[in-house]
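Architecture and fold: a report
Spelled out, the chains give:
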Amino acid sequence: MDKRMDISVVVPLYNEAESLPELAAWIDRVMHGKGFSYELILVDDGSSDGSWEEVERLKTLYPAIRGIGFARNYGKSAALYCGFAAAEGEVVVTMDADLQDSPDEIPELRRMILEEGYDLVSGWKKKRHDPIGKRWPSKFFNWTARAASGIRLHDFNCGLKAYRRKVVKSIEVYGEMHRFIPFLAKQAGFGRIGEKVVDHRARKYGSSKFGLERTVKGYLDLITVLFMTHFGRSPMYFFGSLGTLMFLLGGGTTVWIIAEKLWKQSHALSLRPVADQPLFYLAILAVILGVQLFLAGFLGELINRGSSERNKYLIDKTL
């Protein structure tokens, strides 16, 4: 039986043509220096600066390079999903293409996976070379993510991570869920998650492709991943339970209001017409909302059970 490749390095990229030659040479130098068999999977997320042409050129210099080129920009999660699907290495390492992550960290990350038994090791950019406008929102976001997920990582969004192969083959990364891969891995049953302080370098070429809107998206994604991991496979548990509770509350209140009126009528007591009581309309509203939530859960179940694969991307070129 052939020995499995040691390392797959998956690099999503978008308009990083300038940094690719240095990155490829650096990774190749580290891999050969340690005697590792490896593949470098460069996933071009619809670049418009000639990045794909650079990938093709580098392929002639480094046979270990594999390329995946999207027809348009789908986002980092899509790039990671396709890179994970193509990876064949025993350990899979992800890193950004902007040279802010150091390939020199790869051997130690691999050692932690194979020798210390971790399923996933996440980098921690303890000393960051980013403007304060990115650092402080990131700190607050990471604090929130730790509290919500129960995973004690300092830097969820660090692109430099290492995975045991079976982890990347068992999780589905879509939308903008790349920030929460450790949480997705934990929910899939891979609970040994470690952390390593890594070197973070200042950007050498170009400018960041992410703005402050990433913080807002991060919180929306956090809500999504929490919901999906708890109720994604059975939305009826959430919508049905909430809908039933509101229906019973509204229905019970309506019955109580009508029963009170009938009792007062039978005892010749003064009473207010039911239609004059605001509580009656609130109860009816609760009943209607309860039915709608229950139907939403039912429709969610039908969609969930009958939907086709959501991770379908138009790959224009491969190497």
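Quick look at the structure, then.

The next thing to look at is the environment of Tyr174. Secondary-structure assignment places Tyr174 in the loop between helix 6 (165-168) and helix 7 (181-187). Spatially, the C-alpha atoms of Tyr174 and Gly75 are 9.1 Å apart, while their sequence positions differ by 99 residues.

Counting through the fold element by element, Lys166 comes out in helix 6. Given the relative accessible area of 48%, Lys166 is considered partly exposed. Residues Lys166 and Val91, spaced 75 residues apart in sequence, show a C-alpha to C-alpha distance of 9.0 Å.

With respect to the helices, strands and loops of the structure, Lys196 is situated in strand 7 (residues 193-197). Residue class for Lys196 comes out buried when judged on its relative accessible area of 15%. For Lys196, the residues in contact, after removing those within four places along its chain, are Glu105, Glu108, Leu109, Met112, Val121, Ser122, Gly123 and Trp124.

For the rest of this paragraph, the subject is the pairing of strand 1 (residues 7-13). Most of strand 1 sits inside the fold, with seven of its seven residues counted as buried. Covered by surrounding structure in strand 1 are Ile7, Val9, Val11 and Leu13 together with Ser8, Val10 and Pro12, the residues of both alternating faces. Between the parallel pair strand 1 and strand 2 (residues 38-44), the chain is carried across by helix 1 (residues 20-34), and the sense of this crossover is right-handed. Pairing of strand 1 with strand 4 (residues 91-94), which is carried by four bridges, proceeds in the parallel orientation. Of the residues in strand 4, the one forming a bridge with Val9 is Val93.

Bringing a nonpolar patch on the surface into the picture now. Nonpolar side chains collect at one region of the surface, where Phe247, Leu248, Val291, Phe294 and Leu295 lie side by side and expose about 460 Å² of accessible area between them. As for its placement among the helices and strands, Phe294 is situated in helix 10 (residues 278-306).

Let us look at helix 3 (residues 76-86). In an α-helix, one full turn covers 3.6 residues, which means residues spaced three or four apart are oriented alike. Of all 11 residues in helix 3, nine are buried, a share of seventy percent or more. Within helix 3, burial applies to Lys76, Ser77, Ala78, Ala79, Leu80, Cys82, Gly83, Phe84 and Ala86.

Analysis parameters
Residues numbered from 1 in each chain as written. Predicted model: local features only at pLDDT ≥ 70, side-chain atom pairs only at ≥ 80, totals over all residues. Heavy atoms only, no water. Helix = DSSP H or I, 4+ residues; strand = E, 2+ residues; numbered from the N terminus. Buried < 20%, exposed > 50% of the residue type's maximum accessible area, 1.4 Å probe, protein only. Contact = heavy atoms within 4.5 Å. Right-handed = clockwise from strand over helix to strand, strands pointing away. Pairing = 2+ DSSP bridges. Patch = residues over 30% accessible without salt bridge, like charges linked within 9 Å, V, L, I, M, F, W, Y side chains within 5 Å. Areas by Shrake-Rupley, 256 points an atom, 1.4 Å probe, with all protein chains shown as cover. Salt bridge = Lys/Arg side-chain N within 4 Å of Asp/Glu carboxyl O.

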